[in-house]
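# Observations on the three-dimensional arrangement
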Amino acid sequence: MLRTMKWLGGPVVVTGIFAPVVYAKEVDSRCVAKPEDVYKEPKPRCRKQMDESTELEKCVQMCRQELKPLKEGVVNFVSNATNFVSETSTTIGENVDYLRKAPQEVQVAAIIGGTLVGSLLGLRRGIFRKIWYGTLGGLATAAIIYPDDTRTVARAGTQLVKCYGTIAYNFIAGRKSPSTTTPEM
């Protein structure tokens, strides 16, 4: 089917571009068209000729028939995926709201669960990755449960990293640092 489209593609495009420009009478390949026949409108085809399909029309009809179920499948998949994402985001939002308002024991259990999930993700790797993944899992869960405290700690940590990074750079470069005071928290 694609080979047929490729074979018919060039002549169809060229015919589609140049067909409205010149309407000449097909008589003989040796015959030259008369000037009055060049700009004549073509005669309308009778009903019998309209019912007959060309090879291109048959090919297009076959392509449409074959692609229609695929299109419906894609549309159904997209609608199902959209519904799944909206339901999942709603559920996650409700769970996060619950965890933020839950008692202290539930919040601690959630953070421990996040740490265990992180450790399970690093299970088949070395000890360093197990500890690292577990720490990241616990920190991510704690950041979700306590967003305001997370922002405060992140700002203070950023200030400390800037200060100690400057001190380390000056130490490596062999300079004296301009101020060795650490920022207050």
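Heads up: these notes are all about the structure in this document.

Moving on, we come to the overall build of the protein. The secondary structure content of the protein amounts to 7 helices and 0 strands. Per-residue burial for the protein yields a buried fraction of 10% across its 185 residues. Counting only contacts in the protein whose residues sit at least 6 apart along the sequence, the fraction spanning at least 24 positions is 40%. For the protein, the exposed surface amounts to about 16,100 Å²; the carbon and sulfur share of it is 63%.

Our focus in this paragraph is the environment of G138. You can see G138 is positioned in helix 6 (residues 127-145). Setting aside its immediate chain neighbours within four residues, G138 contacts I111, G114 and T115.

For the rest of this paragraph, the subject is helix 5 (residues 104-121). In this model helix 5 runs 26 Å from its N-terminal to its C-terminal C-alpha over 18 residues, within 8% of the 26 Å that 1.5 Å per residue would give. Among the residues of helix 5, those classed as buried are Q107, G114 and G118. Seen end-on, helix 5 carries its buried residues on one side only, within an arc spanning 35 degrees. Away from the buried face of helix 5 by more than 90 degrees, exposed residues E105, L116 and L120 are located. Its buried side turned inward, helix 5 meets helix 4 (55-101) and helix 6.

This paragraph deals with helix 7 (residues 147-173). Note on helix geometry: an α-helix contains 3.6 residues per turn, so any two residues three or four positions apart are oriented the same way. With 27 residues, helix 7 ought to run about 39 Å at 1.5 Å a step, and its terminal C-alpha atoms sit 38 Å apart, in line with that. Within two residues after helix 7, G174 carries a phi angle of roughly 85 degrees, on the positive side.

Here is what the cut-offs are and how they apply
- Residues numbered from 1 in each chain as written.
- Predicted model: local features only at pLDDT ≥ 70, side-chain atom pairs only at ≥ 80, totals over all residues.
- Heavy atoms only, no water.
- Helix = DSSP H or I, 4+ residues; strand = E, 2+ residues; numbered from the N terminus.
- Buried < 20%, exposed > 50% of the residue type's maximum accessible area, 1.4 Å probe, protein only.
- Contact = heavy atoms within 4.5 Å.
- Areas by Shrake-Rupley, 256 points an atom, 1.4 Å probe, with all protein chains shown as cover.
- Expected span 1.5 Å × (residues − 1).
- Arc of directions from axis to C-beta.

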